[in-house]
Amino acid sequence: MQNKGREWVSWAQVVLGLIFGSLGYRLFLVPNDIAAGGFTGIGQLINAFTGWPVGMIALVLNLPLFALSMRRLGLGFGLRSLLSMIALSLLIDHLPVPPVTDDALLSSVFGGVMAGFGFGLVLRGDATTGGSDMLGKVINDHFPAFSIGAISFAVDALVIVGSAFVFSATRAMQALVAAYLMNRMLDMVLEGLNLAKAYYIISNESETIAARILTELDRGVTGLNGRGMYSGDNRLVLLCVVGRLETARLRRIVAETDPAAFMIATEVHEALGEGFMPHKK
């Protein structure tokens, strides 16, 4: 029963993502000749010369990549991706909505954000619409250090350069804005918002600081064994993840307990577990 529920959630994310993604292109990007990368961007470039439908060009270009990736993608992901590619192409070409604005800069911003949000939802639903994001997911599966957004952005750059010759240099710069926002939004949807910070605390009063964090902030804290390479002294390094609203209280605790303590703060894109978001099954 739980598996069926997760399956419905995945499909719901894919459908909602396709709607947002196609609206981003249909309302903003395609009418204003903003080719923000991907096979859809290539479709826009070809459309400028031939008049062929943008969505259908993207679908034709996607099919060979899909065929090469099918075995690696697996049945479930591959089926959702195939249906997503077809649906996105049809929606881009036939969704009955008029353009919202003829302002290219506004279109690059709103189109990029809307499309990125949609494609992020599709990927969260364990599918892809093909093109650079399919390539990004395949590479990311084997090399997690490379984010899907970064891979897609590198591929999209070639399309954006081409748009400078097909449309204009101004349109290419606006496409660059759209591509950046699209990939930033995609990563944000996949990884979550920066709602937490992780602090590493090095102090001679680590035990006292940890006790105060546990009682005053009601947050967990982990002690890591460390050694100062200059002094050779063994020290307890504290690791603590807190919400943004708790960062000032944590800093106050450390400053009051040991003003000489050394702290390192890093952004946390997604915090799962007790006190934060529950784990996704």
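Please refer to the structure placed before this passage.
Residues numbered from 1 in each chain as written. Predicted model: local features only at pLDDT ≥ 70, side-chain atom pairs only at ≥ 80, totals over all residues. Heavy atoms only, no water.

### Considering the side chain of Asp-93
Counting through the fold element by element, Asp-93 comes out in helix α4 (residues 75-94). For the buried Asp-93, no salt bridge exists, and the shortest N-O distance to an oppositely charged side chain is 5.6 Å, to Arg-26. Only 2.8 Å separates the side chain of Asp-93 from the backbone nitrogen of Gly-55, close enough to count as a polar contact. (Helix = DSSP H or I, 4+ residues; strand = E, 2+ residues; numbered from the N terminus. Buried < 20%, exposed > 50% of the residue type's maximum accessible area, 1.4 Å probe, protein only. Lys, Arg positive; Asp, Glu negative; His and termini not counted. Salt bridge = Lys/Arg side-chain N within 4 Å of Asp/Glu carboxyl O. Polar contact = N/O pair within 3.5 Å; in protein donor to acceptor, adjacent residues only side chain to side chain.)

### A look at the pairing of strand β1 (residues 196-202)
Regular strands have side chains that alternate between both faces of the sheet. Among the seven residues that make up β1, five are buried, leaving the element largely enclosed by the rest of the structure. Note that β1 and strand β3 (residues 234-243) share seven bridges and pair antiparallel. Within β3, the position partnered with Lys-197 by the bridge is Val-242. As defined by bridge partners, β1 adjoins strand β4 (residues 262-268) across seven bridges and the pair is classed as antiparallel. Following the sheet pairing, Tyr-200 is matched in β4 by Ile-264. (Pairing = 2+ DSSP bridges.)

### Some remarks on the packing of aromatic side chains
Under the criterion given, the structure shown has three aromatic pairs. Consider the rings of Phe-20 and Phe-117, whose centres lie 5.0 Å apart with planes at 80°: the pair is edge-to-face. Of the two residues, Phe-20 sits in helix α1 (residues 2-29) while Phe-117 sits in helix α5 (residues 104-124), which places them 97 residues apart along the sequence. Using a relative accessible area of 28% as the deciding quantity, one classes Phe-117 as partly exposed. Ring centres of Phe-28 and Phe-110 lie 6.1 Å apart, and the angle between their planes is 25°; this geometry places the pair in the stacked category. Of this pair, Phe-28 sits in helix α1 while Phe-110 sits in helix α5, and the two are 82 residues apart along the sequence. (Phe/Tyr/Trp six-rings, centres within 6.5 Å; stacked < 30°, edge-to-face > 60°.)

### Regarding a nonpolar patch on the surface
Taken together, Leu-105, Leu-106, Val-109, Phe-110 and Val-177 make up a surface patch of nonpolar side chains, about 410 Å² in accessible area. Here the element with the most residues in the nonpolar patch is α5; it accounts for four residues. Take Val-109: it is sitting in helix α5. With a relative accessible area of 31%, Val-109 lands in the partly exposed category. (Patch = residues over 30% accessible without salt bridge, like charges linked within 9 Å, V, L, I, M, F, W, Y side chains within 5 Å. Areas by Shrake-Rupley, 256 points an atom, 1.4 Å probe, with all protein chains shown as cover.)

### Digging into helix α10 (residues 247-257)
When we look at burial in α10, the residues that qualify are Thr-247, Leu-250, Ile-253, Val-254 and Thr-257. Here the buried residues of α10 occupy an arc of 125° about the axis, which is enough to place them on one side. Against β1, α9 (206-217), β3 and β4 lie the buried residues of α10. (Arc of directions from axis to C-beta. Contact = heavy atoms within 4.5 Å.)

### Observations concerning the packing of α9 against α10
Following both chains from N to C, one finds α9 and α10 inclined at 145°, their axes separated by 10 Å at the closest point. Between α9 and α10 lies a crossing of right-handed hand. Two secondary-structure elements touch here, α9 through Thr-208, Ile-209, Arg-212, Ile-213, Glu-216 and Leu-217 and α10 through Arg-249, Leu-250, Arg-252, Ile-253, Val-254, Glu-256 and Thr-257. Of the residues contributing to the contact of α9 with α10, the split by class is six nonpolar, two polar and five charged. (Axes fitted to C-alpha atoms, helices over the stretch in contact; angles between N-to-C directions. Left-handed = near helix turned anticlockwise from the far one by under 90°. Nonpolar A, V, L, I, M, F, W, Y, C, P; charged D, E, K, R; others polar.)

### Some points on the packing of α5 against helix α8 (residues 169-191)
Axis separation between α5 and α8 bottoms out at 7 Å; the angle between their running directions is 30°. Here α5 lies roughly parallel to α8, going by the angle between them. The hand of the α5/α8 crossing is right-handed. (Parallel < 35°, antiparallel > 145°, perpendicular 65-115°, else oblique.)

### A closer look at unusual backbone geometry
Excluding glycine, most residues fall at negative phi; most peptide bonds, likewise, are trans. The residue Asp-33 is not glycine, and still its phi comes out positive at about 55°. Secondary-structure assignment places Asp-33 in the loop between α1 and α2 (38-50).

### Observations regarding α5
Helix length check: α5, at 21 residues, gives a terminal C-alpha distance of 29 Å against a target of 30 Å (1.5 Å per residue), a fit within 8%. The residue sitting at the N-terminus of α5 and contributing the capping side-chain oxygen is Asp-103; that oxygen lies 3.0 Å from the backbone nitrogen of Leu-105. A positive phi of about 65° marks Asp-126, the residue just after α5. (Expected span 1.5 Å × (residues − 1).)

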